[in-house]
Amino acid sequence: MAEITPEEITVTDFAVREHRSLWVDAWRRLISSNTARLGMFIVAFFLLSTTFAHFFWEYEPKKDLNYSLKLKPPTLIPNEEVPSVHPFGTDKLGRDIFRRVVHGGWNSLRVGIVAVSISLFFGGLTGLFTGFYENIDTTHIEKLFLFGLTGLVLGSLSAWIAAQPIQAIFFAILGVIAAYFKDFQKGKALRMVVFAIAGALIGAILGAFVSSAVALISLIWGAITGALLSRPLEGKFFSNVMMRLMDIILSFPGYLLAIAIVAFLGPGLEKGMIAIGVVGIPVYARLTRSAVLSVSQKEYILAAQSVGEGHGRIIFRHITPNILSPIIVQTTMGLAGAILSAAALGFLGLGAIPPEPEWGSMLGDSYRYLTSGAWWAVLFPGLAIMFSVLGFNLLGDGLRDALDPKLRT
Amino acid sequence: MTPLLEIKNLKTRFFTSEGVVKAVNNVSYSMESGEILGVVGESGCGKSVHALSIMQLVQDPPGKITNGEVWLDGKDLLTFSEKEMKKIRGSDVAMIFQDPMTSLNPVFTVGFQIVEALRLHNDMTKAEARERAGELLALVGIPGAEQRLDDYPHQFSGGMRQRAMIAMGLSCEPKLLIADEPTTALDVTIQAQIVDLVKKLQDDLGMAIMWITHDLGVIAEMADRINVMYAGAIIESGNVRNIYKKTRHPYTMGLLGSLPRLDEDPGAELLSVPGLPPDLLALPKGCAFAARCGYRTEKCLEEKPPLEEIDGREHAVACWHWEEIAGSK
Ligand SMILES: Nc1ncnc2c1ncn2[C@@H]1O[C@H](COP(=O)(O)OP(=O)(O)OP(=O)(O)O)[C@@H](O)[C@H]1O
Ligand SMILES: [Mg+2]
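No experiment lies behind these values; they were computed from the predicted model shown. (Residues numbered from 1 in each chain as written. Chains lettered and ligands numbered in written order. Predicted model: local features only at pLDDT ≥ 70, side-chain atom pairs only at ≥ 80, totals over all residues. Heavy atoms only, no water.)

**Student:** Help me understand the overall build of chain B, please; the structure alone is not making it clear to me.
**Tutor:** When you go through chain B residue by residue, the secondary structure sums to 12 helices and 12 strands. For 329 residues, the compact-globule estimate of 2.2 N^0.38 gives 20 Å, and chain B sits close to it at 21 Å. Summarising its shape, the C-alpha atoms of chain B cover approximately 65 × 50 × 45 Å along the three principal directions. Among the 329 residues that make up chain B, the fraction classed as buried is 53%. Sequence separation of 24 or more characterises 64% of the internal contacts of chain B that already satisfy a separation of 6 or more. Surface summary for chain B: the accessible area is close to 14,100 Å², and the carbon and sulfur share equals 52%. (Helix = DSSP H or I, 4+ residues; strand = E, 2+ residues; numbered from the N terminus. Rg over C-alpha atoms; globule rule 2.2 N^0.38 Å. Buried < 20%, exposed > 50% of the residue type's maximum accessible area, 1.4 Å probe, protein only. Contact = heavy atoms within 4.5 Å. Areas by Shrake-Rupley, 256 points an atom, 1.4 Å probe, with all protein chains shown as cover.)

The following block contains the structure:
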């Protein structure tokens, strides 16, 4: 046998190698897992069927009413009593439940997806920025941005109470001013007094347009905001302000807060999306933040800085792709949670406005008829909720296994 | 001629909740272009922090450069804004790090990362940059460089990753390459290969190299000059001959003594430095090494010895007793 030199081994080794990214590896692991495939199938089934139904199967809930077909059991073969096909039966208004479950899916899934998008977007950005700026020296432009953002977020609280969005913008401007004149009376009490008064004035003057009580609240909150903005806002401080806000949101029980927000905004699908979305923000913020904090310590971030890359590129080019795995998993699981929350709100009559179909509100409308034997009116929407949640959970589990960082070398 | 790198009274502090960590204390030295400088010292003595201070990449907060000047090629870096520093990093001074396993971003191909570094400082098209990246990988001795550009870091071995890091560091032909313990995480044969590679590259390209290490053996082979650091300060510096043959600081003697030598009587006792380095949170008033030093006197505990030039730039030592030590040898 011929002797093999080390060079030969390495050369052939290179030739047979393919260029596989971690994502491709993860995908292969995902599709090789049975539970993940089942989850994907269920999710795809629900997404496709409801989307097709929405666009190609007309349904006008307002005109759908037929008392003569009230609470008929599932009927596959038309007969005298029930002259049309109703595979899932009919509800208390004689509406076809199959049709309403399919169309209700469009609403339920949409609430879930939009709500999670809201949580993911705001929570993700919060986590990204707080995590990154926690331990980094900020440039002047970044200070303007961070101060402005802090002003906007703090201001939006009093703007919300006063129902005056413009307040938030003014507080954001105050933040930018505080950053621009960062050397003005640096570290002196005068600085704090000046900004607190400025904040109080913004709050009071704008609040006065609403009512004197609002003016008073806005004044107090404005003074606090101004005083906070007068501090030398380092990344750490920004991060603290944002995370304490997240803690405040998190300190309310999720459903209760969602119900409170809907009660405040009024019922409706969009309001439900916002409510569930807002409740979810801290979860994503914390998850993203902790991932960013750990990735920021990695040597490749330092290496990227050492070849001259700027903060923006580091955040979006180098950190973001490396924290995607836990976020993808959380988002998938979160979709299941959001669909459940949407159903809960619907069940309580705080979701879709009748007669819009929605799984939760269909349950809420029909559970009273269970005692009179109309099991089908709750079974099918209930199954739809159960299977969609199951689908997202299975997929989430599969994704977690596929993306498990411990499997990475 | 002005030196390539000149550091004057550099002080870097970490303001932590336990107190102020005095990581770099009054470091001053200079480097000529094309020179290889070795920086040695025990773990935690501030080697990395001082190098990061040059790049202004010290983690801030908690770290801050509180004093000093860093002149690189006639530019006063500490007065530079972050935006200006971004242009300097990578193009004038580049750095490679200790752990090749984590210093490449796992989600991008190796080629992509080199291309990115190239295009950051040079006006190049993607295709040009890619071609250059291939050349660079070939230059650092990665077989099949062209194909390997599309590999992900996890498909590289540790030694290859460190080579790729070196390629990235060299991509914009810096005047100064800082290598922070580039071989510590590698096994001995790979270490030797990397050392040879860097020596060869230095011959070909002529940049100055700062080689940070624990290993006095490696440094003896390749460096022109050596800075020995202790507790954030330089306690002995000079050319390799002087450091090895005319050692004047008891700490350096201890370090050298702890090197096993083949030419010595195998029965001879290995000298080493007993005790632990001082806590950088609470440095003693006098000489930082006094507590571990056999030559310690009252004066050592009371007054900090300055870095005294024995032989101009060729040899300097910070010890009250260096003459005594010279005499006793
Ligand atoms: N981010 C930080 N926060 C607080 N202290 C720090 C930080 N980074 C470094 N230090 C401290 O600065 C001192 C010098 O650390 P440095 O990393 O420069 O040591 P080193 O000489 O490079 O050691 P090694 O050989 O182990 O790499 C250490 O005492 C360390 O505790
Ligand atoms: Mg180090």
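**Student:** Is there a simple way to think about the pattern of salt bridges in this case?
**Tutor:** Charged atoms that come close allow side chains of opposite charge to pair. In total, this model carries 29 salt bridges over all chains according to the counting rule given. One salt bridge connects K199 of chain B with E221 of chain B, and the closest N-O pair in it is separated by 3.6 Å. Separated by 22 residues along the polypeptide, K199 of chain B in helix α7 (residues 188-205) and E221 of chain B in helix α8 (residues 216-222) bring together distant segments of the chain. Look at the salt bridges and you will find they share partners, linking E309, R313 and R317 of chain A together with E116 of chain B into a network. (Salt bridge = Lys/Arg side-chain N within 4 Å of Asp/Glu carboxyl O.)

**Student:** So what exactly am I meant to see when it comes to the domain arrangement of chain A here?
**Tutor:** How big an interface is tends to be expressed through the accessible area that disappears when the partners come together. Structurally, chain A comprises domain 1 (26-135 + 267-409) and domain 2 (138-233). Distance between the C-alpha centres of domain 1 of chain A and domain 2 of chain A: 37 Å. (Domains from an automatic or database assignment.)

**Student:** Help me out: how do you make sense of empty space enclosed by the protein in this one?
**Tutor:** Under the definition given, this model contains 3 cavities of 30 Å³ or more. A volume near 60 Å³ is recorded for the largest cavity. What lines the largest cavity is H249, P250, C287, F289, A290, C293, R296, C300, P305, C319 and W320 of chain B. Empty space within the second largest cavity amounts to approximately 50 Å³. Y300, A303, A304, E309 and H318 of chain A together with S103, L104, N105, Q113, E116 and M168 of chain B together form the lining of the second largest cavity. Elements supplying a minimum of two residues to the lining of the second largest cavity: α12 (299-306) of chain A together with α3 (110-121) of chain B. Examining the composition of the lining of the second largest cavity, we find that 3 residues originate from one element, α12 of chain A, more than from any other. A breakdown of the residues in the lining of the second largest cavity according to their chemical character gives 5 nonpolar, 4 polar and 2 charged. (1 Å grid on protein atoms, 1.4 Å probe; cavity = no way out; pocket = protein on both sides within 12 Å on 5 of 7 lines; lining within 4 Å. Points joined across faces, edges and corners; volume = space filled by probe spheres on them. Nonpolar A, V, L, I, M, F, W, Y, C, P; charged D, E, K, R; others polar.)

**Student:** Any chance you could explain the site of ligand 1 here in plain terms?
**Tutor:** Residue and element names in this part refer to chain B. The environment of ligand 1 is formed by 17 residues, the closest being S43, G44, S48, E181 and H214. The separation between an oxygen atom of ligand 1 and a polar side-chain atom of S48 is 2.5 Å. When the free accessible area of ligand 1 is taken as 630 Å², the share hidden by the protein chains comes to 70%. Among the elements of the structure, β1 (5-16), β2 (19-31) and α1 (47-55) are those that each provide at least two residues to the shell around ligand 1. The element that contributes the greatest number of residues to the shell around ligand 1 is α1, accounting for 3 residues. Residue composition of the shell around ligand 1, by class: 7 nonpolar, 7 polar and 3 charged. (Near = heavy atom within 4 Å. Polar contact = N/O pair within 3.5 Å; in protein donor to acceptor, adjacent residues only side chain to side chain.)

**Student:** Please clarify how the environment of I194 of chain B should be interpreted in this entry.
**Tutor:** Residue and element names in this part refer to chain B. Within the secondary structure layout, I194 lies in helix α7. Judged by relative accessible area, I194 falls into the buried class, the value being 0%. Each C-alpha atom of the pair I194 and T183 lies 7.2 Å from the other, and the pair is 11 residues apart in sequence. Once residues within four sequence positions are removed from consideration, I194 is found in contact with G159, Q162, R163, I166, T183, L186 and W211.

**Student:** I'm lost on the sheet that holds β1 of chain B in this one. Help?
**Tutor:** Pairing between sheet strands relies on hydrogen bonds along the backbone, with the strands arranged either parallel or antiparallel. Residues and elements named next belong to chain B. Reading across the sheet, the 4 strands line up as β2-β1-β4-β5 and stay open at both edges, with antiparallel pairing between neighbours. The open sheet has two free edges, formed respectively by β2 and β5 (75-76), since each of these has just one partner strand. Pairing analysis gives 2 bridges linking strand β4 (residues 63-72) to β5, with the strands arranged antiparallel. Residue pairing across strands places W71 opposite D76, the latter belonging to β5. (Pairing = 2+ DSSP bridges.)

**Student:** So what exactly am I meant to see when it comes to the pairing of strand β6 (residues 93-96) of chain B here?
**Tutor:** All names here are of chain B. What you see with β6 is no split at all: V93 and M95 on one side and A94 and I96 on the other are buried throughout. Note that β6 and strand β7 (residues 176-180) share 4 bridges and pair parallel. Note that in β7 the partner of A94 across the bridge is L177.

**Student:** How do you make sense of the packing of helix α6 (residues 165-180) of chain A against helix α8 (residues 212-229) of chain A when you look at a structure like this?
**Tutor:** Each pair of packed helices can be described by the angle between their axes along with the distance between the axes. Residue and element names in this part refer to chain A. Two elements in contact, α6 and α8, have axes whose closest approach is 10 Å; the angle formed by their N-to-C orientations is 25°. Classified by the angle their axes make, α6 and α8 are roughly parallel. The two elements α6 and α8 cross, and the hand of that crossing is right-handed. Along its contact with α6, which presents Q167, F171, L174, G175 and A178, the element α8 presents S218, G222, T225, G226 and L229. (Axes fitted to C-alpha atoms, helices over the stretch in contact; angles between N-to-C directions. Parallel < 35°, antiparallel > 145°, perpendicular 65-115°, else oblique. Left-handed = near helix turned anticlockwise from the far one by under 90°.)

**Student:** For this particular structure, what's the right way to read the domain arrangement of chain B?
**Tutor:** Residue and element names in this part refer to chain B. In terms of domain boundaries, chain B breaks down into domain 1 (5-92 + 174-328) and domain 2 (103-173). Once you take the C-alpha centre of each, domain 1 and domain 2 turn out to be 30 Å apart. The partner domain 2 presents 12 residues to the 19 residues of domain 1 that form the contact. For the pair domain 1 and domain 2, the summed buried surface comes to about 1,200 Å²; carbon and sulfur atoms form 71% of the total. Looking only at domain 1, the three residues that lose the most surface to domain 2 are P174, L197 and L201, adding up to 34% of its buried area. Across the domain 1-domain 2 interface, the total number found is 0 salt bridges. (Buried area = accessible area lost by both parts, 1.4 Å probe.)

**Student:** Could you clarify how one ought to interpret a negative patch on the surface in this entry?
**Tutor:** Taken together, the side chains of D123, E128, E131 and E146 of chain B define an acidic patch exposed on the protein surface. Mapped onto the fold, E131 of chain B is located in helix α4 (residues 126-139). (Patch = residues over 30% accessible without salt bridge, like charges linked within 9 Å, V, L, I, M, F, W, Y side chains within 5 Å. Lys, Arg positive; Asp, Glu negative; His and termini not counted. Charge placed at Lys NZ, Arg CZ, Asp CG, Glu CD.)

**Student:** Help me out: how do you make sense of the environment of L71 of chain A in this one?
**Tutor:** Residue and element names in this part refer to chain A. Topologically, L71 is positioned in the loop between α3 (34-56) and α4 (97-134). The class for L71 is buried, based on a relative accessible area of 19%. Separated by 329 residues in the primary sequence, L71 and R400 have C-alpha atoms spaced 43 Å apart. Ignoring anything within four residues of it in the chain, the contact list for L71 reads T90, D91, K92, Y369, A374 and W376.

**Student:** Please clarify how the sheet that holds strand β3 (residues 36-40) of chain B should be interpreted in this entry.
**Tutor:** All names here are of chain B. Taken together, 8 strands build an open sheet; the order of strands is β6-β7-β8-β3-β9-β10-β12-β11 and the sheet is mixed. Looking along the sheet, the strands with just one partner apiece sit at the ends: β6 and β11 (308-309). Strands β9 (225-230) and β10 (233-239) of the sheet are contacted by helix α10 (residues 250-257), whose axis makes an angle of about 105° with β9.

**Student:** Hey, could you run me through the side chain of T75 of chain A in this one?
**Tutor:** Residue and element names in this part refer to chain A. Position of T75 among the secondary structure elements: in the loop between α3 and α4. Side-chain polar atoms of T75 contact the backbone oxygen of P73, separated by 2.8 Å. Dropping the residues within four chain positions of it, T75 is found in contact with V82, S84, V85, H86 and P87.

**Student:** I'm lost on the packing of aromatic side chains in this one. Help?
**Tutor:** The description of an aromatic ring pair uses the distance of the two centres, along with the angle that the planes make with each other. A full pass over the atoms with the stated rule returns 22 aromatic pairs over all chains. Ring geometry for W375 of chain A versus W376 of chain A: centroids 5.6 Å apart, planes at 80°, classification edge-to-face. Its relative accessible area of 43% is what places W375 of chain A among the partly exposed residues. By the ring-pair criterion, three or more aromatic residues cluster together here, those being W57, F88, F98, W375, W376 and F380 of chain A. In this arrangement the basic side chain of K299 of chain B is found over the ring face of W320 of chain B, its NZ or CZ atom lying 4.0 Å from the centre. (Phe/Tyr/Trp six-rings, centres within 6.5 Å; stacked < 30°, edge-to-face > 60°. Lys NZ or Arg CZ within 6 Å of the ring centre and 35° of its normal.)

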